[in-house]
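Fold and geometry: a report
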Amino acid sequence: MGAALALRTAGSHPDRVAAAAGFHGAFLATDAPDSPHLLADRITAELYFGHADQDSTNPPEQIDRLGAALTDAGVRHRAEVYTGAHHGFTQADTAMHHPEAAERHWTALLDLFSRALPARHDAISHQ
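Treat the numbers as computed from the prediction; the structure is a model and nothing was measured. (Residues numbered from 1 in each chain as written. Predicted model: local features only at pLDDT ≥ 70, side-chain atom pairs only at ≥ 80, totals over all residues. Heavy atoms only, no water.)

**Digging into the pattern of salt bridges**
Selection rule: Salt bridges are counted wherever a side-chain nitrogen of Lys or Arg sits within 4 Å of a carboxyl oxygen of Asp or Glu. The secondary structure listing takes helices from DSSP runs of H or I that are at least 4 residues long and strands from runs of E that are at least 2 residues long, numbered from the N terminus. Only protein chains enter the accessibility calculation, which uses a 1.4 Å probe; a residue whose area is less than 20% of its type maximum is buried, one above 50% is exposed, and one in between is partly exposed.
Applying the stated rule across the entire model yields 6 salt bridges. In this structure, Arg115 and Glu46 form a salt bridge, with 2.6 Å as the shortest nitrogen-oxygen distance. In this pair, Arg115 is assigned in helix α3 (residues 99–116) and Glu46 in strand β2 (residues 46–54), connecting sequence segments 69 residues apart. A salt bridge links Arg104 to Glu80, with the shortest nitrogen-to-oxygen separation between them at 3.6 Å. Of this pair, Arg104 sits in helix α3 while Glu80 sits in strand β3 (residues 77–86), and the two are 24 residues apart along the sequence. Using a relative accessible area of 34% as the deciding quantity, one classes Arg104 as partly exposed. The class for Glu80 is partly exposed, based on a relative accessible area of 22%. Put simply, Glu46, Arg76, Asp111 and Arg115 are held in one network by salt bridges that share partners.

Rendered as structure tokens:
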């Protein structure tokens, strides 16, 4: 739910979102007419996606479809597949938790935010 929300928010409010990320996202690039990936041409934010390779809600064809939509729209993004990770790998209080993937997700998320957000933060703090 969070990855789809991040993608939808970035596409619906491009003037307000500088960076967004999603981890073990589900149904991000389906055949549905309201699939989140269809907002790619409206996104100006930099995006990062950490996909779980053991996630039936986000099969390889949807990962590829999302990547193609973002690339075709010229969206700055990076997507990685976390080997051995299941849907929910970031959640420490579940059986799906994958400590190495969870640590990797924090590194990627903080890297994205440190790269994409400082200029916006500086502009806001000087107003």
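**Quick notes on unusual backbone geometry**
Residue His24 is not a glycine yet carries a positive backbone phi of 45°. Relative to the helices and strands, His24 is located in the loop between β1 (19–23) and β2.

**Topic: the environment of Asp34**
Tracing the backbone shows Asp34 in the loop between β1 and β2. In sequence terms Asp34 and Val17 are 17 residues apart; their C-alpha atoms lie 20 Å from each other.

**Examining helix α2 (residues 60–72)**
The test is simple: Working rule for helices: expected span equals 1.5 Å times residues minus one. Throughout, the arc means that of the directions going from the helix axis to the C-beta atoms.
Compared with an ideal rise of 1.5 Å per residue, which puts 13 residues at 18 Å, α2 spans 18 Å between its outermost C-alpha atoms and is within 8% of the ideal. Turning to α2, its buried residues are Gln62, Ile63, Leu66, Ala69 and Leu70. Considered in projection along α2, the buried side chains sweep an arc of 130° and stay on one side of the axis. Turned more than 90 degrees away from the buried face of α2 sit Pro60, Glu61, Asp64, Thr71 and Asp72, all of them exposed. Within two residues after α2, Gly74 carries a phi angle of roughly 75°, on the positive side.

**Re the confidence of the model for the chain**
For the record, the criterion: For every residue, the pLDDT score states the predictor's confidence, bounded by 0 at the bottom and 100 at the top. The criterion used for residue contact is that any of the two residues' heavy atoms lie within 4.5 Å.
Per-residue confidence for the chain gives a mean pLDDT of 93, with 93% of residues at or over 70. The element-level mean pLDDT for the chain is lowest in helix α4 (residues 118–125), coming to 53, with α2 highest at 98. Counted against residues more than four places away or in other chains, residues 121–127, with its pLDDT under 50, gives 0 contacts.

**With respect to the environment of Met96**
Mapping Met96 onto the fold places it in the loop between β3 and α3. A relative accessible area of 36% places Met96 in the partly exposed class. Along the primary structure Met96 and Ala85 are separated by 11 residues, whereas in three dimensions their C-alpha atoms are 7.8 Å apart. Sequence-distant contacts of Met96, that is, excluding residues within four places in its chain, are made with His86, His87, Gly88 and Phe89.

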